[in-house]
Amino acid sequence: MALSTNPKPSGNSSTAFCPRSQYSGLSFRIKDGPPVQGMDVCLSSAQQPACLGEAAGRLEAAEEGTVQDCGTGGSPGDSKEMEPCLHNLQKFVPTDYASYTQEHYCFAGKKIVIQESIESYGAVVWPGATALCQYLEEHAQELNLQDAKILEIGAGPGLVSIVASILGAQVTATDLPDVLGNLQYNLLKNTLKRTAHLPEVRELVWGEDLEHNFPKCTSYYDYILASDVVYHHYFLDKLLSTMVYLSQPGTVLLWANKFRFSTDYEFLDKFKQVFEATLLAEYPESSVKIFKGILKWD
């Protein structure tokens, strides 16, 4: 199955688009090597933390004085010595990806550079992500993000996880195997020596192996973050069940979404059946709404 070259839909189109969740069967290729199935062993659930630590050590040795605040010029990872180290982390890329672009953002007083590709829904920053970043930045003290444990569903290229990390949270960024390499690249490039906690990257396929991969006894999160995970795809029930599973007493779910289709509002209705939902913010110019959800326990 080939990746769609179309970004997430907007407007009133009724076409059924291929969701990110269907990409998990793609083959991947080690650079200059044969194609393989799945994900880099360096990014497996068991080995990923060790890999991050090793990578962080290499980056710390290469990076001195590269962190930039907004308005000071330069960007994270400007050191010429940093780039080879970062690219070595990204050993697996989907064979259908042809190009990446560097997009620049500024949140929490920091310049953030995100590597994106329009060839995958999971490698693009969507409107819900920027809206959620803005909300987190403006309400960081109210939300008490310092040292909070956060898991992001469908982290994509990682902007929301990066901002949450910069604001002091302990972040676990999750997505499908095909985007984890780019996700890890962006997280490390933008959080090393900028954050109190280095974010973790983990695979999460909605509705699959949740009890095994995220056992409740060891997987408590203060916040679950999600942005633009609802659009015209066929995995909405699995998404909702994943949100429910990850929510424990005390967990707050923050969900930002651009509302495009009638199915988005149908999902919202189902969301309200299982979560106490509060509309926190609305951005009419982008059709983005941000909801807070607390799981109903009765």
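Our structure is the block above this text.
Residues numbered from 1 in each chain as written. Predicted model: local features only at pLDDT ≥ 70, side-chain atom pairs only at ≥ 80, totals over all residues. Heavy atoms only, no water.

Notes on the overall build of the protein
A tally of helices and strands in the protein yields 9 helices and 12 strands. For the protein, with 298 residues in total, the buried portion stands at 57%. Across the protein, the fraction of contacts at a sequence separation of at least 24, relative to all contacts at a separation of at least 6, is 70%. (Helix = DSSP H or I, 4+ residues; strand = E, 2+ residues; numbered from the N terminus. Buried < 20%, exposed > 50% of the residue type's maximum accessible area, 1.4 Å probe, protein only. Contact = heavy atoms within 4.5 Å.)

Considering the packing of helix H8 (residues 236–246) against helix H9 (residues 262–274)
Put simply, H8 and H9 touch, their axes get as near as 11 Å, and they point 30° apart. Considering the angle they form, H8 stands roughly parallel to H9. Along this stretch, H8 crosses H9, giving a crossing that reads as right-handed. In contact with Leu236, Asp237, Leu239, Leu240, Met243 and Val244 of H8, H9 contributes Thr263, Phe267, Lys270, Phe271 and Val274. For the contact of H8 with H9, the residue count by class is 8 nonpolar, 1 polar and 2 charged. (Axes fitted to C-alpha atoms, helices over the stretch in contact; angles between N-to-C directions. Parallel < 35°, antiparallel > 145°, perpendicular 65-115°, else oblique. Left-handed = near helix turned anticlockwise from the far one by under 90°. Nonpolar A, V, L, I, M, F, W, Y, C, P; charged D, E, K, R; others polar.)

Topic: helix H3 (residues 127–138)
Between its terminal C-alpha atoms H3 stretches 17 Å, which fits the 16 Å expected from 12 residues at 1.5 Å a residue. Among all positions in H3, only Gly128, Ala129, Ala131, Leu132, Cys133, Tyr135 and Leu136 are buried. (Expected span 1.5 Å × (residues − 1).)

Here's the deal with the sheet that holds strand S9 (residues 223–227)
Strand order in the open sheet formed by 7 strands is S8-S7-S6-S9-S10-S12-S11, and the pairing between neighbours is mixed. If you trace the sheet from one side to the other, it starts and ends with strand S8 (200–203) and strand S11 (275–283), each paired once. Looking at each pair of strands side by side, their axes are set apart by 20° on average, direction ignored. Here 4 bridges tie strand S6 (residues 149–153) to strand S7 (residues 170–175), and the two strands are oriented parallel to one another. Bridging across to S7, Ile150 finds its partner in Val171. (Pairing = 2+ DSSP bridges.)

Quick word on the pattern of salt bridges
Enumeration according to the criterion identifies 3 salt bridges in this entry. Of the charged contacts, one joins Lys289 and Glu282 as a salt bridge, the two residues approaching to 2.6 Å between their closest N and O atoms. (Salt bridge = Lys/Arg side-chain N within 4 Å of Asp/Glu carboxyl O.)

Things to note about the packing of aromatic side chains
As enumerated under the stated definition, the model contains 9 aromatic pairs in all. Their ring planes at 50° and their centres at 5.9 Å tell us that Trp255 and Phe259 sit as a pair that is tilted. The two residues Trp255 and Phe259 agree in class, both being buried. Taken together, a centroid distance of 4.8 Å and an interplanar angle of 45° make the contact between Phe259 and Tyr265 tilted. Using a relative accessible area of 7% as the deciding quantity, one classes Phe259 as buried. (Phe/Tyr/Trp six-rings, centres within 6.5 Å; stacked < 30°, edge-to-face > 60°.)

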